[in-house]
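Per-entry structural report
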Amino acid sequence: MSHKELVVSALENGTVLDHIPAEYVYKALDLLDLKDVESQITIGINLASKLHGKKGIIKIADKFFEDEDLNKLALIAPKATVNVIRDFKVVEKKTLETPAEVIGIARCKNPKCVTNHQPIKTKFATIQDNDKISLKCHYCEKISSIKHAL
Amino acid sequence: MAKSLISIRDFTKEEILHVLETAREFEQNREQKFLEGKVIASLFFEPSTRTRLSFETAINRLGAKVIGFSDATNTSQSKGETLKDTIKMVDNYVDMIVMRHPLEGSSRYASEVARVPVVNAGDGANQHPSQTLLDLYSILQTQGTLEGLTINMVGDLKYGRTTHSLLQAMSHFNPKFVFTAPEELKMPREYKDFLDKSGIEYIETDSLDAYLNDCDILYMTRVQQERFTDPMEYERVKDVYTLNAAMLENVRDNMKILHPLPRVTEIDQDVDETKYAYYFKQAENGLYVRMAIISYLLGYRPLK
């Protein structure tokens, strides 16, 4: 058994989200709306990673996601990997695609934006500049960084 | 959803040129009452004299009736009604909504809630597309073309929405830009990125004299106190540029001075009498351009 498997125990069925930047693990739980999930969730933060220095990992037992939901993760963790586990085996590996639009989950950083004063569902276009993703508000047209908006 | 005008980028180059062409028609003949029987709402949630009078005159000259308000304090918004409900209610009564609102993005939202066309007459510091179209019309009328001109924008280029929208609209026409602003009020990065991506040249300076003699359009702006969050910053920059007649000795013969008005100290009164001053005529042009916008959006002057 390798060292890594000792740190985070194996999953029989479910989804493993790996290579999440350590500081975004809580945000990832939020984005995937895992608060009310009843099955076992294992969370690792500040694990050693060859790629990122320190990474986070989330293992959710008996839970499988739609691509649309997983892709929200790309906003904070574009290099995250998703492994779908069935019967202790990885049956599918997914990479994330940045969604073109972000609806409802982000907040505009512009204090004068109408979405911060009226009951309106927010809507952003994602702008990708090299590795950096930012959000352009559909209403006030201002650009918010991911850190500010999520 | 009807065709609305919220941001200048909602109009293609073809549509921009069509509206300017239509404005010319109204300048030649402003007595055309083909909107008789129509009702247009003029909803000014934030006070504005110039823009509101210009829109309401345009509506009247086209023969339509105006309903609305010029101040939100006496409306049900002050009782806590949502913007959505106010728009929904007015939408049932009218053929078009012209609105100004202090919140940015409010007009876009209204256009998604309303069934009739919405014209944005200013949403906070965001967009004011009818101003942009009248600026373009003024440039076209004074220069005979929109192509290949050098435009020197002066003053508050950071908060001034008119310069941002004009820059976006002019990008269709191979312009060159000079941005004359103090360090605190420089053109924001995102607009310079946009120009870089579009391959459009620009020069930045903090000296009004530096490129005064090398432009076709001198676009002066007021430093707007209401846009500043830091009063100290406002005090430092409010009187940074003042243009007077003596400075105009060596400017290009075709050069015209534009200003969205109101002006404060940035253009001396002695400039008004020179042949370069165009800002009062520019304000008049707003009437023809707004008549054109309304006629186009209501389908009376469709694209050919």
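What counts, and where the lines are drawn
Residues numbered from 1 in each chain as written. Chains lettered and ligands numbered in written order. Predicted model: local features only at pLDDT ≥ 70, side-chain atom pairs only at ≥ 80, totals over all residues. Helix = DSSP H or I, 4+ residues; strand = E, 2+ residues; numbered from the N terminus. Rg over C-alpha atoms; globule rule 2.2 N^0.38 Å. Buried ≥ 20, exposed ≤ 12 C-beta atoms within 10 Å, placed from the backbone. Contact = placed C-beta atoms within 7 Å. Axes fitted to C-alpha atoms, helices over the stretch in contact; angles between N-to-C directions. Parallel < 35°, antiparallel > 145°, perpendicular 65-115°, else oblique. Left-handed = near helix turned anticlockwise from the far one by under 90°. Nonpolar A, V, L, I, M, F, W, Y, C, P; charged D, E, K, R; others polar. Pairing = 2+ DSSP bridges. Expected span 1.5 Å × (residues − 1). Domains from an automatic or database assignment. Core = buried A, V, L, I, M, F, W, Y, C linked by C-beta atoms within 7 Å. pLDDT = per-residue confidence, 0-100.

1. Quick notes on the overall build of chain B
A tally of regular secondary structure across chain B gives nine helices and nine strands. Compactness check: chain B gives a C-alpha radius of gyration of 19 Å against a globular reference of 19 Å for 304 residues, within 12% of the reference. Expressed as lengths along the three principal axes of its C-alpha atoms, the size of chain B is roughly 55 × 45 × 40 Å. Out of the 304 residues belonging to chain B, those deemed buried represent 45%. Within chain B, counting contacts between residues at least 6 apart in sequence, those at least 24 apart form 75% of the total.

2. Section: the packing of helix α1 (residues 13–28) of chain B against helix α9 (residues 279–297) of chain B
All names here are of chain B. Running from N to C, α1 and α9 cross one another at 120 degrees; their axes reach a closest spacing of 8 Å. Relative to α9, the element α1 is oriented oblique. Note on packing geometry: the crossing formed by α1 with α9 is right-handed. Packed against α1, whose contacting residues are His-18, Val-19, Thr-22, Ala-23, Phe-26 and Glu-27, the element α9 presents Tyr-288, Val-289, Met-291, Ala-292, Ile-293, Ser-295 and Tyr-296 at the interface. Class assignment for the residues of the contact of α1 with α9 results in nine nonpolar, three polar and one charged.

3. Some thoughts on the interface of chain A and chain B
Listed per partner, the contact involves 15 residues of chain A and 13 residues of chain B. Residue composition of the side of chain A that touches chain B, by class: eight nonpolar, five polar and two charged.

4. Structural notes on the sheet that holds strand β1 (residues 13–21) of chain A
Strands belonging to one sheet form pairs held by backbone hydrogen bonds; the direction of such a pair is parallel or antiparallel. All names here are of chain A. The strand order β2-β3-β1-β4-β5 describes an open sheet built from five strands, whose pairing is antiparallel. Each edge of the open sheet carries a strand with a single partner, namely β2 (41–49) and β5 (89–95). Recorded for the sheet is a direction-independent mean angle of 20 degrees between the axes of neighbouring strands. Pairing of β1 with strand β4 (residues 81–86) involves six bridges; the strand directions are antiparallel. Residue pairing across strands places Asp-18 opposite Thr-81, the latter belonging to β4.

5. Some points on α9(B)
Residues and elements named next belong to chain B. For α9, built from 19 residues, the straight-helix expectation of 27 Å at 1.5 Å per residue is met to within 8% by its first-to-last C-alpha distance of 27 Å. Most of α9 sits inside the fold, with 14 of its 19 residues counted as buried. Residue Gly-299 follows α9 closely and has a positive phi angle near 85 degrees.

6. Details of the packing of helix α5 (residues 129–143) of chain B against helix α6 (residues 161–170) of chain B
All names here are of chain B. In the contact formed by α5 and α6, the axes pass within 9 Å of each other and the chain directions differ by 60 degrees. The orientation of α5 relative to α6 falls into the category oblique. Our pair here, α5 against α6, has a crossing hand that is right-handed. In this structure, α5 contributes Pro-129, Gln-131, Thr-132, Asp-135 and Leu-136 to the contact, and α6 contributes Thr-162, Ser-165, Leu-166 and Ala-169.

7. Brief notes about the domain arrangement of chain B
Residues and elements named next belong to chain B. Here chain B is described as being made up of domain 1 (8–127 + 286–297) and domain 2 (129–283). Once you take the C-alpha centre of each, domain 1 and domain 2 turn out to be 26 Å apart. Opposite the 18 residues of domain 1 that make contact, domain 2 presents 17 residues. When residues of the side of domain 1 that touches domain 2 are traced back to their parent elements, those giving at least two are α1, β4 (118–123) and α9. When grouped by side-chain class, the residues that make up the side of domain 1 that touches domain 2 number 10 nonpolar, four polar and four charged.

8. Describing the nonpolar core
One broad rule of soluble globular proteins: the nonpolar side chains tend to lie buried together. By size, the foremost hydrophobic cluster in this structure holds 110 residues, and its most contacted members are A:Ala28, B:Met96, B:Ile97 and B:Ile293. Per-element accounting of this core gives the leading share, nine residues, to α9(B). When residues of this core are sorted by domain, at least three fall in each of domain 1 (8–127 + 286–297) and domain 2 (129–283) of chain B. Once residues within four sequence positions are removed from consideration, B:Met96 is found in contact with B:Ile40, B:Val116, B:Pro117, B:Val119, B:Ile294, B:Leu297 and B:Leu298.

9. Some points on α6(B)
All names here are of chain B. Burial analysis of α6 places nine of its 10 residues in the buried class, the great majority of the element. Among the residues of α6, those classed as buried are Arg-161, Thr-162, Thr-163, His-164, Ser-165, Leu-166, Leu-167, Ala-169 and Met-170. On the buried face of α6, the contacting elements are α1, α5, β5 (150–154), β6 (176–180), α7 (189–198) and β8 (217–220).

10. Focus on the sheet that holds strand β7 (residues 202–205) of chain B
Residues and elements named next belong to chain B. Spatially, the five strands line up as an open sheet ordered β7-β6-β5-β8-β9, and their pairing is parallel. The open sheet has two edge strands, β7 and β9 (256–258), and neither has a second partner. In this sheet, neighbouring strand axes are inclined to one another by 20 degrees on average, regardless of whether the strands run parallel or antiparallel. Note that β8 and β9 share three bridges and pair parallel. Bridge pairing in β9 links Tyr-219 to Leu-258.

11. Observations regarding the confidence of the model for chain A
Confidence along chain A averages 89 in pLDDT terms, with 93% of residues attaining 70 or more. Confidence scores differ between elements of chain A, with helix α1 (residues 3–7) of chain A showing the lowest mean pLDDT of 49 and strand β6 (residues 101–103) of chain A the highest of 95.

12. Looking at unusual backbone geometry
Look at the link from B:Leu261 to B:Pro262: it is a cis peptide, with omega at 0 degrees. Among the structural elements, B:Pro262 can be located in the loop between β9 and α9. Positive phi values are uncommon outside glycine, yet A:His19 reaches one of about 60 degrees. Mapped onto the fold, A:His19 is located in strand β1. Here the phi dihedral of A:Asp87 falls at roughly 55 degrees; this positive angle occurs in a residue that is not glycine. Looking at the element boundaries, A:Asp87 is found in the loop between β4 and β5.

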